[in-house]
Amino acid sequence: MKKSLLPCIVSMLALSAMAQDIQLPSPDLGQQTLTVVDALNTRHSVRSFDATKSLMPQQLSNLCWAACGITRGGNFRTAPSAMNRQEIRLFAFTCEGVYEYEAKANLLVRKASGDQRQLMAGNSPDSEMKQTFVMDAPIVLLMVIDFERFGGNDGRAMMMGCVDAGNVSENINLYCQAAGLATVPRATHDAAGIRRLLGLTERQLPIMNNPVGYAK
């Protein structure tokens, strides 16, 4: 994977000059993209990424906003959620670290250092279900259901949390198609390892992820 390091480092230096947190530029709501109908008609999953190409700060801002950014006066998100609980937390895994997206501040808050994308490649360190192609994607967006925000973790809360995570993932899928990026929705990851890394509780469930980059 060494060939992916240089563009990744360049991209992250452009983002933050190695700062702990990353203040993203404002989302470009006037950018030229495919129409919704065209994105729906051409959307497809990609599992082969060009490791030599990285995302720039504006692209990352647009991507995170499309996933679950702030709309309509700050009270709502681009992705719907049950009772507007906004219980889906979005984390960005890069070669430089792991960040949580704070939508209201348009900020990536650093949660862990170093390249942790291997946690996205399989169910556990000993698992044979390794999907190493994710290591070529410059960004992997992880959705976590926070049942503390939802107010419960019974069967209905689980069902609605899964639906809401799917809403965020579909936003990512459609935005990537519209903006010329590549992605695939996935449920494979090391949930236990992610919990340890991020200090998540049993009421905070890593549920699915989308690696994002350019198709190879």
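Residues numbered from 1 in each chain as written. Predicted model: local features only at pLDDT ≥ 70, side-chain atom pairs only at ≥ 80, totals over all residues. Heavy atoms only, no water.

Student: Hey, could you run me through the sheet that holds strand E8 (residues 182-183) in this one?
Tutor: Backbone hydrogen bonds are what pair the strands of a sheet, in a parallel or an antiparallel way. The antiparallel open sheet is built from 7 strands, whose spatial order is E1-E6-E5-E4-E7-E9-E8. A strand with exactly one partner marks an edge of an open sheet, and here the two such strands are strand E1 (22-23) and E8. Taken together, the 6 bridges between strand E5 (residues 97-102) and strand E6 (residues 107-113) define a ladder with antiparallel strand orientation. Of the residues in E6, the one forming a bridge with Tyr 101 is Leu 108. Here helix H6 (residues 191-198) sits on the sheet in contact with strand E4 (88-93), E5, E6, strand E7 (139-146) and strand E9 (204-213), set at roughly 95° to E9. (Pairing = 2+ DSSP bridges. Helix = DSSP H or I, 4+ residues; strand = E, 2+ residues; numbered from the N terminus. Contact = heavy atoms within 4.5 Å. Axes fitted to C-alpha atoms, helices over the stretch in contact; angles between N-to-C directions.)

Student: How should the pattern of salt bridges be read in this particular structure?
Tutor: Any two side chains of opposite charge can pair if their charged atoms end up close together. This model, assessed by the stated rule, comprises 7 salt bridges. The salt bridge partner of Arg 89 is Glu 100, with a shortest N-O separation of 2.8 Å. One end of the pair, Arg 89, is in strand E4; the other, Glu 100, is in strand E5, and 11 residues separate them in sequence. For the pair formed by Arg 89 and Glu 100, the shared burial category is buried. Put simply, Glu 148 and Arg 203 hold a salt bridge, and the shortest N to O gap is 2.7 Å. Remark: Arg 203 occurs in the loop between H6 and E9 and Glu 148 occurs in helix H4 (residues 147-150); sequence separation between them is 55 residues. Of the residues examined, Glu 148 reaches a relative accessible area of 48% and is grouped as partly exposed. For Arg 203, a relative accessible area of 26% puts it in the partly exposed group. Through salt bridges that share partners, Arg 89, Glu 100, Lys 111, Asp 146 and Arg 149 make up one connected network. (Salt bridge = Lys/Arg side-chain N within 4 Å of Asp/Glu carboxyl O. Buried < 20%, exposed > 50% of the residue type's maximum accessible area, 1.4 Å probe, protein only.)

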